[in-house]
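Okay, here's what each chain looks like letter by letter:
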Amino acid sequence: LAAMAQVQLEVDSVLTGEEEDESLLLSSSKLQTREGWWTTFVLYHGCWMDREAAMSVSLVRAQFVPRDDDVLLATYPKCGTTWLKALAFAVTNRFRHPVVGAGAGDHPLLTQSPHDLVPFIELPFRHIQPLAALDALPSPRLLGTHMPHHLLPPRVNELGCRIVYLYREPKDVVISTWHFMNKVIDGFSIDFDKAFELFVDGCSPFGPIWNHCLGYWNKHVEEPDRVLFLKYDDMMADPAGHVKKLAKFFRVPFTDEEVHAGVMEEVVRLCSFEKLSRLLVNSSGVVDRVGERPMKNSAFFRKGKVGDWNNYLTEEMAKKLDAVIEEKLKGSGLTL
Ligand code: A3P
């Protein structure tokens, strides 16, 4: 409680005006809460997260300074963030860091986690570590976020920053989330039935998942050239096609020469689950990228398969989640 109060004091000291209301809201008992995950979750502007994440999001909204050439990689947690970060990094940095020929053996992805090469805007929790590290990055920046679209700092849209959103079959997401949470939070474990119930009710980290994907989907429909909407399962089926699509979106399309040299295939191979998960940097060690919450690097790599939900969900559970998703996405044009 003392630590929480200290955090609150720090947040209060940097927020002014309208933001002060946010800090009051965050410390108040007005927010809806729910138990079950590792700590109490609050419903912050329609999105479930723990109170510290909400403080971080609030600070980012108040203080993050976007640039018009920023590209955001937005995901709901466990939808393939690590993969997307690796692909985007490899594609956009291929002139500095070639993936074929001389120099390929020194590629940063061989020794650094995709999460360190492409930082999250809202992590480490910004009341613990300020945003200065992001300001110091050279343009154009590649940045990750789990924030739902409606909570992004308004300037992101005003400036026309481009966004890549990666979606995944929610039945696979709930399985991945459950495994991840049982691995990463020290001393915390949750029964699968309980995790499933919370997820289906919409109460999961940055949930409900349907609001998360719909926010980005609707923006994609409105501005398809600015918001690219990808699906994990499609990317698994045709990774090279997606690498090509990403390069075009990042305005660094592959030349015929690169295509002939097999650069696209090499990006796919370098960023594949098989390759990344076996690297020392991703298979060992513990790093705190959140703030007082060290996590095993290996926790970000489990199976990397489509349809693993078949091994866990009963028919009844699968039907229940499918029905909820179908109902929530109805009329949006978004399908799996
Ligand atoms: P599973 O738990 O189903 O295996 P995130 O990166 O958003 O945390 O998502 C993690 C999920 O992506 C995990 O799914 C993980 O195994 C999978 N993943 C990690 N790296 C991957 C890669 N290079 N290719 C495909 N899937 C990957």
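Calculation notes
Residues numbered from 1 in each chain as written. Predicted model: local features only at pLDDT ≥ 70, side-chain atom pairs only at ≥ 80, totals over all residues. Heavy atoms only, no water. UniProt positions renumbered as here; feature names shortened; annotations may be inferred. Helix = DSSP H or I, 4+ residues; strand = E, 2+ residues; numbered from the N terminus. Buried < 20%, exposed > 50% of the residue type's maximum accessible area, 1.4 Å probe, protein only. Contact = heavy atoms within 4.5 Å. Areas by Shrake-Rupley, 256 points an atom, 1.4 Å probe, with all protein chains shown as cover. Lys, Arg positive; Asp, Glu negative; His and termini not counted. Charge placed at Lys NZ, Arg CZ, Asp CG, Glu CD. Pairing = 2+ DSSP bridges. Axes fitted to C-alpha atoms, helices over the stretch in contact; angles between N-to-C directions. Polar contact = N/O pair within 3.5 Å; in protein donor to acceptor, adjacent residues only side chain to side chain. Near = heavy atom within 4 Å. Nonpolar A, V, L, I, M, F, W, Y, C, P; charged D, E, K, R; others polar. Salt bridge = Lys/Arg side-chain N within 4 Å of Asp/Glu carboxyl O. Phe/Tyr/Trp six-rings, centres within 6.5 Å; stacked < 30°, edge-to-face > 60°. Lys NZ or Arg CZ within 6 Å of the ring centre and 35° of its normal.

Going by the annotation in an unreviewed UniProt entry, the name recorded for the protein chain is Sulfotransferase domain-containing protein, with Oryza punctata given as the source organism. According to the UniProt record, the Sequence similarities (unreviewed entry) comment for the protein chain is "Belongs to the sulfotransferase 1 family."

(A) Just the overall build of the protein chain, in detail. On a plain count of helices and strands, the protein chain comes out with 17 helices and 9 strands. With respect to the principal axes defined by its C-alpha atoms, the protein chain has extents near 60 × 50 × 40 Å. Scored against the burial criterion, the 336 residues of the protein chain give a buried share of 54%. Considering only residue pairs separated by 6 or more positions, the protein chain has 72% of its internal contacts joining residues 24 or more positions apart. In the form shown here, the protein chain has an accessible surface area of approximately 15300 Å², with 53% of it arising from carbon and sulfur atoms. Between the mean site of the 37 positive side-chain charges and the mean site of the 45 negative ones, the protein chain shows a separation of 3 Å.

(B) Region of the structure containing the sheet that holds strand E5 (residues 142-145). Strands sit in the order E5-E4-E6-E7 across an open sheet of 4 strands; the sheet is parallel. Either end of the sheet is taken by a strand with one partner, and the two such strands are E5 and strand E7 (227-231). When the angles between neighbouring strand axes are averaged without regard to direction, this sheet yields 20°. Of the strands in this sheet, strand E4 (71-75), E5 and strand E6 (162-167) are in contact with helix H4 (residues 81-92), which crosses E4 at around 160°. Packed on one face of the sheet, helix H10 (residues 209-222) meets E4, E5, E6 and E7 and runs near 130° to E7.

(C) Up close: the sheet that holds strand E2 (residues 41-44). One open sheet accounts for 3 strands, arranged E1-E2-E3; its pairing is antiparallel. A strand with exactly one partner marks an edge of an open sheet, and here the two such strands are strand E1 (33-34) and strand E3 (47-50). Summarising the sheet, E2 and E3 pair through 4 bridges and their orientation is antiparallel. Among the inter-strand pairings, Leu43 is bridged to a residue of E3, identified as Trp48. Helix H3 (residues 51-63) rests against E1, E2 and E3 of the sheet, and its axis sits at about 110° to E3.

(D) Quick peek at the environment of Asp70. Tracing the backbone through its elements, the reader meets Asp70 in the loop between H3 and E4. Residues Asp70 and Ile163, 93 residues apart in the sequence, show an inter-C-alpha distance of 8.6 Å. Among the polar contacts listed, one links the side chain of Asp70 to the backbone nitrogen of Arg67, at a separation of 2.7 Å.

(E) Examining the pairing of E4 more closely. The element E4 is largely enclosed, with a buried count of 5 among its 5 residues. Alternating residues of E4 divide into Val71, Leu73 and Thr75 and Leu72 and Ala74, and every residue in both groups is buried. Relative to E5, E4 runs parallel, the two being bridged by 4 bridges. When the sheet's bridge partners are listed, Leu72 is paired in E5 with Leu143. The pairing of E4 with E6 spans 5 bridges and is classified as parallel. From the neighbouring strand, Leu73 faces E6, where its bridge partner is Val164.

(F) Representation of the site of the ligand in the model. Surveying the vicinity of the ligand reveals 18 residues, the closest of which are Lys78, Thr81, Thr82, Ser176 and Arg302. Between the ligand and Arg168 there is a distance of 2.9 Å, counted from an oxygen atom to a side-chain nitrogen or oxygen. Interatomic distance of 2.6 Å between a side-chain N/O atom of Ser176 and an oxygen atom of the ligand. Burial of the ligand by the protein amounts to 97% of the accessible area it has alone, namely 570 Å². Elements represented by at least two residues in the shell around the ligand include exactly H4 and helix H15 (273-278). In terms of residue count, the dominant contributor to the shell around the ligand is H4 (3 residues). Broken down by class, the residue content of the shell around the ligand amounts to 8 nonpolar, 6 polar and 4 charged.

(G) Examining the pattern of salt bridges more closely. Evaluation of the coordinates by the stated rule reveals 18 salt bridges. With a shortest N-O distance of 2.8 Å, Arg141 and Asp70 are connected by a salt bridge. With Arg141 in the loop between helix H6 (132-135) and E5 and Asp70 in the loop between H3 and E4, this residue pair connects regions lying 71 residues apart in the sequence. Taken as a pair, Arg141 and Asp70 share a single burial class, namely buried. Note that Arg289 is salt-bridged to Asp116, the shortest N-O span being 2.8 Å. Within this pair, whereas Arg289 is found in the loop between strand E8 (286-287) and strand E9 (295-296), its partner Asp116 is found in helix H5 (residues 114-117), the two being separated by 173 residues in sequence. Classification of Arg289 as buried rests on a relative accessible area of 15%.

(H) Seen up close, the packing of aromatic side chains. Summed over the entire model, instances satisfying the criterion amount to 16 aromatic pairs. Between Phe180 and Phe300, the ring centres sit 5.3 Å apart and the planes meet at 55°, which makes this aromatic pair tilted. One end of the pair, Phe180, is in helix H8 (residues 170-184); the other, Phe300, is in the loop between E9 and helix H17 (315-329), with 120 residues separating them in the sequence. Taking the relative accessible area as the measure of exposure, Phe300 reaches 21% and is therefore partly exposed. With centroids separated by 6.1 Å and ring planes inclined at 45°, the aromatic side chains of Phe192 and Phe196 adopt a geometry described as tilted. Of this pair, Phe192 and Phe196 both sit in helix H9 (residues 192-200), 4 residues apart, which is roughly one turn of that helix. Phe196 shares its class with Phe192; the two are buried. Through pairs of rings, three or more aromatic residues link up here, namely Tyr165, Tyr167, Tyr216, Trp217 and Phe229. Lying over the aromatic face of Phe120, Lys85 brings its terminal NZ or CZ to 3.4 Å of the ring centre. Over the aromatic face of Phe254 sits the side chain of Arg94, whose NZ or CZ is 4.1 Å from the ring centroid.

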